[in-house]
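Here is what each chain is made of, one letter per residue.
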Amino acid sequence: MKLYEKILAGAAGATGAGVVAWRTMFPWIGYDLQLMSVGMKIFKVRNEAMTSMLVDKFEKHVVNNPKKPFIIFEDSVYTYEFVDQMACKVANVVKTWDVKPRDTVTMMISNEPSFIWTFLGLQKLGLATAFINYNLKMNPLVHSILAANSKYLIVGEGQTLLENIMDVRSELSGVNIYVQGLGNNLPPNGLQSFDPLMLAAHSSGIDPRVRSEVTMEDICCFIYTSGTTGATIVLKRKFSASQFWPDCCKYDVTVIQYIGELFRYLLAQPPRKCDTEHKVRAAFGNGMRKDIWMDVNKRFKIPLIIEFFGATEGTTLLLNTSNKPGAIGRLSPFLNAIDSDPKALVKFDYGSAQPTRDKNGRCIKVDVGEPGLFISKVPDNMIHNGTFTPYMSSKEANEKKLVRNAFKDGDIYFNYGDLLVQDKDYFLYFKDRIGDTFRWKGENVSTTELANVITDLNFVQDANVYGVTIPGHDGRAGMVALTLNDGCNLGEKELKELYDHVKESLPEYAQPLFVRLLDQAIITGTFKQRKVELVQEAYDLDKIKDALYYRDVANKTYSTLAKADLPKFLTSKL
């Protein structure tokens with residue numbers, strides 16, 4: 001039994017007077033005990049999950065509940081048995097390829113049932129899966145596919161996905177591409193249709209011994225998704241604010257997942273009876289800001305909202321189990337003292353996104369109410385050969401995320417690159433994200449990737465990309481400060497070319513909303529881009545004398561930003 005389990009067990013047996021005394025001395029102790037109780041349940045579920053692989057659990061559900069609905073999609077019901085048969089077909093197709101257990105197959109499929117049975121089919125063979133964001137195109141798409149180091153790519157149904165792949169096919173030499181949803185139509189040159197193979201494949205089961213050498217220590221996928229406990233899943237191809245609550249009522253949904261923008265869109269819908277006639281008992285997600293939390297509670301009457309904070313490659317998870325508006329978790333001295341892998345908020349350098357150190361070379365913890373960089377200790381069992389390697393890309397990328405000798409010699413902490421703030425009751429709140437990534441429309445945007453796309457234009461010398469806040473919107477919108485090559489200017493032709501280029505090369509959420517024209521690049525003494533002043537000035541026309549432009553969707557170009565245009569633009573559907 002872990003220390004916190006012993007403490008909780010003791011607390012559970014304490015007398016009423018003892019609990020009152022504790023609450024008098026430590027008014028926040030109730031929150032800790034509640035969080036510890038949830039932590040014990042999560043720990044139990046985690047241990048149970050680690051006893052067998054996801055595909056084994058799925059196959060057990062198939063045996064026990066073959067006719068039970070597994071997926072509900074666009075009013076169609078897919079049972080466990082049917083999904084298993086389709087997964088077996090996928091496995092019987094793929095096993096004829098040049099792959100072996102632990103190899104990687106790449107998938108780019110939108111939100112539809114075939115995503116699930118394709119993934120499960122690959123799992124039946126002991127294969128790892130690389131999930132490609134179906135919004136990607138051009139260079140970002142090429143980079144993501146090649147980074148997976150896979151010889152096979154399965155592309156889902158849809159003309160947009162097919163066109164995006166065809167645009168970059170010449171740059172994917174060595175990758176065998178199979179496309180779903182073509183039916184009897186011939187595939188474009190260089191591609192193969194997956195449908196005839198599925199039609200001819202048997203739905204006979206795959207012997208689990210095929211994957212017997214794969215263990216829980218092996219890679220399942222490179223972008224991790226939530227598993228399933230056997231609760232039926234209602235799946236939608238795209239999010240619809242108008243259909244969300246009607247669907248929850250129609251299918252008796254009890255638990256929903258969200259990102260911050262989701263509830264903002266739901267609040268913008270006209271009030272309806274189904275807003276409160278649903279059976280949703282809990283909402284689980286992240287990114288909901290404090291400013292709409294009470295509105296969500298009042299209108300939708302969800303009994304429990306569990307906001308969490310974490311990262312796919314991170315080493316810890318924060319949870320707000322107390323319905324505390326806007327909080328993402330807690331970091332009390334009590335919990336941190338009994339945690340074998342403690343966490344901390346530390347002072348930081350905005351430019352480098354790294355902690356600052358005291359005279360002894362140690363990290364400096366921030367005070368209550370002071371933004372701090374969130375770091376968490378890497379568990380000893382995650383450290384191999386003296387390091388932690390969450391990324392495939394390079395040794396340098398991994399090392400950049402590590403904070404060594406943070407509080408004592410030899411310790412290793414993970415740097416999340418996020419700024420959090422702690423209140424007097426030790427609740428944590430998300431403040432900002434620093435470094436090379438910002439979030440907009442629920443998606444991460446890489447400033448380096450975006451800058452590389454823009455500097456492809458022959459009149460651009462340098463592109464300094466950063467995120468700026470917009471009232472009423474979560475995250476940060478993209479803004480780029482340009483410097484031009486000698487003899488070039490940013491006229492109507494160039495602005496139109498810039499608009500067309502980013503629209504063609506990037507998903508909508510990554511296309512910059514603002515452009516600033518600089519006379520010369522703003523750099524540090526070590527020739528790195530400086531963003532601090534640019535971020536602070538944002539698109540403030542009272543502070544900026546440089547030319548400013550905004551993404552003018554109506555005229556399909558970037559147009560000059562004037563004070564008269566700004567209010568209308570900021571209140572438009574960005």
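Refer to the structure presented above.
Definitions and limits used
- Residues numbered from 1 in each chain as written.
- Predicted model: local features only at pLDDT ≥ 70, side-chain atom pairs only at ≥ 80, totals over all residues.
- Heavy atoms only, no water.
- Salt bridge = Lys/Arg side-chain N within 4 Å of Asp/Glu carboxyl O.
- Helix = DSSP H or I, 4+ residues; strand = E, 2+ residues; numbered from the N terminus.
- Buried < 20%, exposed > 50% of the residue type's maximum accessible area, 1.4 Å probe, protein only.
- Pairing = 2+ DSSP bridges.
- Axes fitted to C-alpha atoms, helices over the stretch in contact; angles between N-to-C directions.
- Contact = heavy atoms within 4.5 Å.
- Polar contact = N/O pair within 3.5 Å; in protein donor to acceptor, adjacent residues only side chain to side chain.
- Core = buried A, V, L, I, M, F, W, Y, C linked by side-chain atoms within 4.5 Å.

### Examining the pattern of salt bridges
Going through the model one piece at a time under the given rule, you end up with 26 salt bridges. Residue Asp-98 is joined to Lys-151 by a salt bridge in which the shortest nitrogen-to-oxygen separation is 2.7 Å. Of this pair, Asp-98 sits in the loop between helix 5 (80–94) and strand 3 (104–108) while Lys-151 sits in the loop between helix 7 (138–147) and strand 5 (152–155), and the two are 53 residues apart along the sequence. By relative accessible area, which is 52% here, Asp-98 ends up exposed. Judged by relative accessible area, which is 41%, Lys-151 ranks as partly exposed.

### So, the sheet that holds strand 2 (residues 76–79)
Spatially, three strands are ordered 2-1-8 in an open sheet, and the strand pairing comes out mixed. Only two strands of the sheet have a single neighbouring strand rather than two, namely strand 2 and strand 8 (233–235). In this sheet, neighbouring strand axes are inclined to one another by 25° on average, regardless of whether the strands run parallel or antiparallel. The pairing of strand 1 (residues 69–73) with strand 8 spans three bridges and is classified as parallel. Its bridge partner lying in strand 8, Phe-73 is registered against Leu-235. The strands touched by helix 5 within the sheet are strand 1 and strand 2, with strand 2 carrying the most contacts at an inclination of about 75°.

### Some thoughts on the pairing of strand 23 (residues 460–468)
Residues in a regular strand point their side chains to alternate faces of the sheet. Most of strand 23 is tucked away: seven of the nine residues are buried. Here strand 23 pairs with strand 24 (residues 477–484) via eight bridges, running antiparallel. Of the residues in strand 24, the one forming a bridge with Val-465 is Val-480.

### Re the environment of Asp-207
The residue Asp-207 is located in the loop between helix 9 (195–200) and strand 8 in this model. Among the residues examined, Asp-207 registers a relative accessible area of 31% and is labelled partly exposed. Sequence spacing of Asp-207 and Lys-124 is 83 residues, and the spatial spacing of their C-alpha atoms is 8.4 Å. A polar atom in the side chain of Asp-207 sits 2.7 Å from the side chain of Arg-209.

### Thoughts on the nonpolar core
In terms of nonpolar packing, the biggest core is built from 66 residues, with Leu-482, Phe-514 and Tyr-539 touching the most fellow members. If you tally residues by element for this core, the top one is strand 24, at six residues. Setting aside its immediate chain neighbours within four residues, Leu-482 contacts Ile-454, Val-460, Asp-462, Ala-463, Leu-490, Leu-498, Val-515, Arg-516, Leu-517 and Leu-518. In this structure, Tyr-78, Met-86, Ala-91 and Ile-116 belong to the second largest nonpolar core, which totals 35 residues.

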